[in-house]
Amino acid sequence: MEFYSLNKQAPPVSFKEAVIRGIAPDRGLYFPESITPLPDSFFDRIEDLSPTEIAFNAIHQFVSDDIPNEALKNILANTLDFEFPVVEIEENVATLELFHGPTMAFKDVGARFMAQCLGYFSRNEDTQVTVLVATSGDTGGAVANGFLGVEGVKVVILYPNGKVSDIQERQLTTLGQNITALKVDGTFDDCQKMVKTAFLDDGILEKMQLTSANSINVARWLPQLFYFLFAYKQAKAKGKEIVFSIPSGNFGNICAGMVAQKLGMPVKHFVAATNVNDTVPQFMRTNTYSPKPSTATISNAMDVGDPSNFVRIRHLYDDDFEKLKENLSSYSFDDQQTRAAMLKIFKEDGYVADPHGAVGYLGLKTYLEDHPDTYGIFLETAHPVKFLDVVEETIGEQVDIPPQIQKVMDREKKSIEIKNYEELKKYLLSS
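Residues numbered from 1 in each chain as written. Predicted model: local features only at pLDDT ≥ 70, side-chain atom pairs only at ≥ 80, totals over all residues. Heavy atoms only, no water.

Colleague: It is not clear to me how the packing of aromatic side chains should be interpreted in this structure. Could you clarify?
Modeller: Describing an aromatic ring pair means giving the distance of the ring centres and the angle of the ring planes. Across all of its chains, the model carries 21 aromatic pairs by this definition. With a centroid separation of 4.9 Å and an interplanar angle of 90°, the aromatic rings of Phe42 and Phe43 are classed as edge-to-face. The two residues Phe42 and Phe43 agree in class, both being buried. Aromatic pair Phe84 and Tyr227: ring centres 6.3 Å apart, planes at 25°, arrangement stacked. Separated by 143 residues along the polypeptide, Phe84 in the loop between helix H4 (69–79) and strand S4 (86–90) and Tyr227 in helix H11 (residues 226–235) bring together distant segments of the chain. On the basis of relative accessible area, Phe84 is assigned to the buried category, the value being 6%. Across from the ring centre of Phe56, 5.4 Å away, lies the NZ or CZ of Lys73, which sits over that ring. The ring of Trp221 carries the charged tip of Arg312 above its face, separated from the ring centre by 4.2 Å. (Phe/Tyr/Trp six-rings, centres within 6.5 Å; stacked < 30°, edge-to-face > 60°. Buried < 20%, exposed > 50% of the residue type's maximum accessible area, 1.4 Å probe, protein only. Helix = DSSP H or I, 4+ residues; strand = E, 2+ residues; numbered from the N terminus. Lys NZ or Arg CZ within 6 Å of the ring centre and 35° of its normal.)

Colleague: Is there a simple way to think about the pairing of strand S13 (residues 375–380) in this case?
Modeller: The side chains of a regular strand alternate between the sheet's two faces. S13 sits mainly inside the fold: six of its six residues count as buried. Neither face of S13 is left uncovered, since the one carrying Tyr375, Ile377 and Leu379 and the one carrying Gly376, Phe378 and Glu380 both have all their residues buried. Bridge analysis of strand S5 (residues 93–97) against S13 gives five bridges, and the strand direction is parallel. The residue of S13 that forms the bridge with Thr95 is Phe378. (Pairing = 2+ DSSP bridges.)

Colleague: Honestly, the layout of surface pockets in this entry has me stumped. Any pointers?
Modeller: Where empty space is left becomes clear once a probe the size of a water molecule has been rolled over the atoms. Its boundaries defined by the atoms lining it, the largest pocket holds a volume of some 440 Å³. In this structure, the largest pocket is lined by 20 residues; those nearest its centre are Arg27, Lys196, Asp306, Pro307 and Ser308. Every element with two or more residues in the lining of the largest pocket is listed here: helix H8 (188–198) and helix H14 (310–316). A total of five residues in the lining of the largest pocket trace back to one element, the largest contributor, which is H8. The calculated volume of the second largest pocket comes to roughly 280 Å³. Every element with two or more residues in the lining of the second largest pocket is listed here: helix H7 (166–173) and helix H18 (388–395). If you tally residues by element for the lining of the second largest pocket, the top one is H18, at three residues. (1 Å grid on protein atoms, 1.4 Å probe; cavity = no way out; pocket = protein on both sides within 12 Å on 5 of 7 lines; lining within 4 Å. Points joined across faces, edges and corners; volume = space filled by probe spheres on them.)

Colleague: Looking at this model, I keep getting lost on the UniProt feature "modified residue: N6-(pyridoxal phosphate)lysine" (unreviewed entry) in the protein chain. Mind explaining?
Modeller: The feature "modified residue: N6-(pyridoxal phosphate)lysine" (unreviewed entry), as annotated in UniProt, sits at Lys107 in this numbering. Here Lys107 shows up in helix H5 (residues 107–121). In contact with Lys107, not counting residues within four places along its chain, are Asp138, Thr139, Ala142 and Arg220. (UniProt positions renumbered as here; feature names shortened; annotations may be inferred. Contact = heavy atoms within 4.5 Å.)

Colleague: Any chance you could explain the sheet that holds strand S3 (residues 30–32) here in plain terms?
Modeller: An order of S2-S1-S3 is seen for the three strands of this open sheet, with the pairing classed as antiparallel. On the outer flanks of this sheet lie strand S2 (13–14) and S3, each paired with one strand and no other. Bridge count for strand S1 (residues 2–5) against S2 is two bridges, and the pairing is antiparallel. Following the sheet pairing, Phe3 is matched in S2 by Val13.

Colleague: How should the packing of helix H3 (residues 51–63) against H4 be read in this particular structure?
Modeller: Helix-helix packing is characterised by the crossing angle of the two axes and by the distance between the axes. The interhelical angle for the contact between H3 and H4, taken along N-to-C directions, is 130°, at an axis separation of 10 Å. Regarding the angle of H3 to H4, the classification is oblique. As for the relative orientation of H3 and H4, their crossing is right-handed in sense. Contact with H3, carried on its side by Thr52, Ala55, Phe56, Ile59, His60 and Val63, involves Asn69, Leu72, Lys73, Leu76 and Ala77 of H4 and no other residues of that element. Classifying every residue of the contact of H3 with H4 gives seven nonpolar, three polar and one charged. (Axes fitted to C-alpha atoms, helices over the stretch in contact; angles between N-to-C directions. Parallel < 35°, antiparallel > 145°, perpendicular 65-115°, else oblique. Left-handed = near helix turned anticlockwise from the far one by under 90°. Nonpolar A, V, L, I, M, F, W, Y, C, P; charged D, E, K, R; others polar.)

Colleague: Is there a simple way to explain the sheet that holds strand S11 (residues 269–274) in this structure?
Modeller: To summarise the sheet geometry, strands pair through backbone hydrogen bonds and adopt either a parallel or an antiparallel arrangement. Here we have six strands laid out as an open sheet, ordered S4-S5-S13-S10-S11-S12, and mixed in their pairing. The open sheet terminates on both sides in strands that have one partner only, identified here as S4 and strand S12 (328–332). Strand-to-strand twist across the sheet, computed as the mean angle between neighbouring axes with direction ignored, equals 25°. Strand direction decides the pairing type here: S11 and S12, joined by five bridges, are parallel. When the sheet's bridge partners are listed, Phe270 is paired in S12 with Leu328. Packing of helix H17 (residues 355–368) onto the sheet brings it into contact with S4, S5, strand S10 (242–247), S11, S12 and S13, and relative to S13 it is tilted by some 165°.

Here it is, written out as structure tokens:
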């Protein structure tokens, strides 16, 4: 299978080349040339399949030209070695917990899959690939952990100074080895713009091979469809139409869920729940896409004013606004509403949600007001301990710190401060 640029001004490439390039020469995101639905029998017997078997069937058509079956099975086994439980919170409302991996965030799946793919592609080669990535929170830690020690790969992570939590910062600045963190004087959007600019800078590309581990990269984005299928497997027995509510920032996660639907997964609707960075909710109301500078919130991983992956979502629906509206609703919520939801979930249901999960819960509850006969699943994209101060202050209780987090708490944070793109370029060329 080939992957083409959504800007359609660059030649199509293989999965391997799309992964290594990250973004097309015309600045477009890569997209698979086709999505062939899985047979009905796959969904009829999904309860009998293991997570790796489900993932193998789902991803095979996209990667099989470049990764043999046995190698793919090994990659998936190394990626999916933790649980993805659906936990019922109240009647017809459940959460899909995506925080049981090594960095306790949903991005562990995509980061590990991509790292395993790059490791496979770089075997027996002397060239080095530099992974350049921007993070608004959890991406940095997941990428750092997933790529730590991978031969032939160097990782450079840009993050906005003062706009990630202390634990998130520790996860991306304390590992050393082939991981370098750059602290940017600006927002996530500034970081992401620098990354995209570097990919089109001939002065850099002539000297080094760059790729991205943001969700713009197909190997980071596509494997996120796995856990939607895992959730369907667990919720199928409910016998109701399923709705997913996804706390959304860069919109890669929800877009992957929509690919799972294109593969044939029975799901009624998707809800994109955002914080006050409401570019997409406004688009869904007005059919006018107006990106804007991001605003800092307590759900910082969603502080994105111009979500890169929304162009993929529009493409999935042929850029037909009415067709998209049939399958997507989007609502925004402020910090006060988010805190109130966190407290309500804790007091009434005994469940500790992180700020992002709380936004997902709010989006789901809003949708269920008019669709009470559906079964709603909101995504808990990160463990609440990653936002410890906000969570404890909101619910008035202490949160136990899991072993995955304890091991980074005493490590020294090390990062390099940069102010603009020229300083990034200077660092990349000097290193």
